[in-house]
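These are the residues of each chain, in order.
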Amino acid sequence: MEHISLYRKYRPKTFEEVIGQDHITKTLQNQVMAGHIGHAYLFTGTRGTGKTSIAKILARAVNCLNPINGSPCGKCENCLNLQKENDINIIEIDAASNNKVDDVREIREKVKFLPVGAKYKVYIIDEVHMLTDSAFNALLKTLEEPPAHIIFILATTEVHKLPQTILSRCVRFDFHLVSVEDLMKHLRKIFDKENIECDEESLKLIATAGEGSVRDTLSIADSIASYCQNKITKEETLKILGTTDYELILTFFDNLRDREVGNILELIDKIEKEGKNLAVFSKDVSKHARNLLVAKTCNDANKILNLPDDVYEKFKIQADSFNEKDLIRYMQVFSSAENELRYTLSVRLLLETTALTAMLGFEVKKN
Ligand SMILES: Nc1ncnc2c1ncn2[C@@H]1O[C@H](COP(=O)(O)OP(=O)(O)OP(=O)(O)O)[C@@H](O)[C@H]1O
Ligand SMILES: [Mg+2]
Ligand SMILES: [Zn+2]
């Protein structure tokens, strides 16, 4: 049977199912109930906190024939249509790959057409900060006078990159990081449904590792549950989260420094076989590069790092075997790969490429 990742399986379908964003869901529910729908919304906030999910719920809610408390009923004709993957009334556009002025012109042409079998056509423009200047200008024209049957929902993790002219035309909602407590409750519910056993301490470790992102929390939970075959223990959780495994990361860095391509590939293989989440590992690598830089350059370094003395000794020795420039490059290359690592289908290949790029010191071009 194909394994569906937990975060895809548990995408919320009503406002009530969304966690940690009450300030947004309540307002939107009220707007739907009152029939006061805006024509342009801007959703901003960290990855995996519910922007796309809420955008889709809103798109269905405004079209639902019998909304319940402002949420889509899930049963009426419109809800059934809009639940289909490629329904023509919900148009999802990834601005990262459709960022040209012609792409936006195409939207402008199409917004003239009325919705089919629905009240509103909803455009969800993801990663909207990636649009080029001329594309923003073209979008502005549409946002200024959108036809009555059109709703725009712009989503972005980097709101500071949006021009003021766009900001001033949208109703803005800031998504919060989700608290460890809320994440724990959410995880518990999902684990119960999936018959996954998990003690309270491990639950907390997983929720904390997710750093406020629901998607990250669920994807970490996923890899731990499958490694533990649905009986999660603290010991295995710690092992997989890699929080105490200094030796491994030290070895990894020795090999980066010595440009041992073969050893790096073998280590990544080992890490994957041990069931570690490679995206988490990648984050540990950026963190370690930063720790080494602190150990190397700061006077009272361990006041900042707070490591046990014997561990700090090892870090310090390793730190002195690197030059600053290399450490800074590792930080840069690994942290910019973090985001991609969450989405790619071949995490391992990407991690390998990242490690080799960092090691050999090519210029990394960002788009
Ligand atoms: N607030 C939330 N409540 C419940 N589940 C959530 C929430 N946020 C995220 N999720 C889970 O994470 C998955 C991804 O969420 P979503 O696509 O809405 O995030 P996003 O904010 O759009 O992230 P990105 O910035 O990466 O596009 C959902 O399918 C769901 O399982
Ligand atoms: Mg999204
Ligand atoms: Zn409905």
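Residues numbered from 1 in each chain as written. Chains lettered and ligands numbered in written order. Predicted model: local features only at pLDDT ≥ 70, side-chain atom pairs only at ≥ 80, totals over all residues.

A. Expanded view of the overall build of the protein chain. Helices and strands together make up the secondary structure of the protein chain, namely 18 helices and seven strands. With the C-alpha coordinates aligned to their principal axes, the bounding extent of the protein chain is approximately 65 × 50 × 40 Å. By residue count, 38% of the 367 residues in the protein chain fall in the buried class. For the protein chain, long-range pairs separated by at least 24 residues make up 76% of all intrachain contacts whose partners lie at least 6 apart in sequence. (Helix = DSSP H or I, 4+ residues; strand = E, 2+ residues; numbered from the N terminus. Buried ≥ 20, exposed ≤ 12 C-beta atoms within 10 Å, placed from the backbone. Contact = placed C-beta atoms within 7 Å.)

B. Focus on the environment of P115. Turning to its location among the elements, P115 is positioned in the loop between α5 (101–110) and β3 (121–126). Counting along the chain gives 25 residues from P115 to I90, while the straight-line C-alpha distance between them is 9.4 Å. When sequence neighbours within four positions are dropped, the list of residues in contact with P115 reads N89, Y120, K121 and H149.

C. Seen up close, the packing of helix α17 (residues 324–343) against helix α18 (residues 347–360). The interhelical angle for the contact between α17 and α18, taken along N-to-C directions, is 165°, at an axis separation of 9 Å. Classified by the angle their axes make, α17 and α18 are roughly antiparallel. Viewed along their axes, α17 and α18 form a crossing whose handedness is right-handed. For the pair α17 and α18, contact is made by R329, Y330, V333, F334, A337, E340 and L341 and by V347, L350, L351, T354, T357 and A358, respectively. Broken down by class, the residue content of the contact of α17 with α18 amounts to nine nonpolar, two polar and two charged. (Axes fitted to C-alpha atoms, helices over the stretch in contact; angles between N-to-C directions. Parallel < 35°, antiparallel > 145°, perpendicular 65-115°, else oblique. Left-handed = near helix turned anticlockwise from the far one by under 90°. Nonpolar A, V, L, I, M, F, W, Y, C, P; charged D, E, K, R; others polar.)

D. Representation of the sheet that holds strand β2 (residues 90–94) in the model. Taken in spatial order, the five strands make up an open sheet running β2-β3-β4-β1-β5, and their pairing is parallel. At either end of the open sheet lies a strand with only one pairing partner, and these are β2 and β5 (171–174). Taken pair by pair, the neighbouring strands of this sheet meet at an average axis angle of 15°, ignoring direction. In the sheet, strand β1 (residues 40–44) pairs with β5 via four bridges, with the strands oriented parallel. Within β5, the residue paired with L42 across the bridge is R172. (Pairing = 2+ DSSP bridges.)

E. Here's a closer look at the packing of helix α8 (residues 180–194) against helix α10 (residues 214–227). α10 packs onto α8 with a crossing angle of 45° between their chain directions and a minimal axis gap of 11 Å. Here α10 runs oblique to α8, going by the angle between their axes. Both α8 and α10 take part in a crossing whose hand is right-handed. Residue-level inspection shows L183, H186 and L187 of α8 in contact with α10, the latter providing V214, T217 and A221. Split into classes, the residues belonging to the contact of α8 with α10 amount to four nonpolar, two polar and no charged.

F. Representation of the site of ligand 1 within the structure. Lining the immediate surroundings of ligand 1 are 20 residues, of which R11, G50, K51, T52 and S53 lie closest. Classifying every residue of the shell around ligand 1 by side-chain character gives seven nonpolar, eight polar and five charged. Counting only domains with at least three residues in the shell around ligand 1, you end up with domain 1 (6–174) and domain 2 (180–239). (Near = placed C-beta within 6 Å. Domains from an automatic or database assignment.)

G. Region of interest: the domain arrangement of the protein chain. Here the domain parsing of the protein chain yields domain 1 (6–174), domain 2 (180–239) and domain 3 (246–360). Placing the centre of domain 1 and that of domain 3 at their C-alpha centroids yields a distance of 39 Å.

H. Fine view of the pairing of β2. Sheet analysis places β2 next to β3, joined by five bridges and oriented parallel. Along β3, the bridge assignment pairs E92 with I124. Remark: the β2/α5/β3 crossover connection has right-handed handedness. (Right-handed = clockwise from strand over helix to strand, strands pointing away.)

I. Looking closely at the pairing of β1. Most of β1 is tucked away, with five of its five residues classed as buried. Pairing geometry for β1 and strand β4 (residues 150–156), over five bridges, is parallel. Looking at β4, one finds that A40 is bridged to F152.

J. View of the nonpolar core. One finds I206, A221, I224, L256, Y330, F334 and A358 to be the most contacted residues of the largest nonpolar core, which totals 48 residues. Among the elements that take part in this core, helix α14 (residues 278–297) stands out by supplying seven residues, more than any other. For this core, the domains that each give at least three residues are domain 2 (180–239) and domain 3 (246–360). With near-sequence residues (within four places) excluded, F334 lies in contact with S282, V285, S286, A289, T354 and A358. Counting residues in each nonpolar core, the second largest holds 45 residues, with I93, F136, A155 and F173 among its members. (Core = buried A, V, L, I, M, F, W, Y, C linked by C-beta atoms within 7 Å.)

K. Up close: unusual backbone geometry. The phi torsion at N195 lies on the positive side, around 55°, for a residue other than glycine. Along the chain, N195 falls in the loop between α8 and β6 (197–198). In this structure, Q229 takes a positive phi of about 50° despite not being glycine.

L. Broad picture of helix α6 (residues 133–144). Along its twelve residues, α6 runs 17 Å from first to last C-alpha, staying within 8% of the 16 Å computed at 1.5 Å per residue. Taken together, the buried positions of α6 are occupied by A135, F136, A138, L139 and T142. For α6, the angular spread of buried residues about the axis comes to 165°, placing them on one side. Turned more than 90 degrees away from the buried face of α6, the exposed residues are D133, K141 and E144. (Expected span 1.5 Å × (residues − 1). Arc of directions from axis to C-beta.)

M. The arrangement of helix α2 (residues 22–34) in detail. Spanning 13 residues, α2 covers 18 Å between terminal C-alpha atoms, matching the ideal 18 Å at 1.5 Å per step. On its buried face, α2 sits against α3 (51–61) and β5. Taken from the residues just after α2, G35 is the one with a positive phi, measuring 75°.

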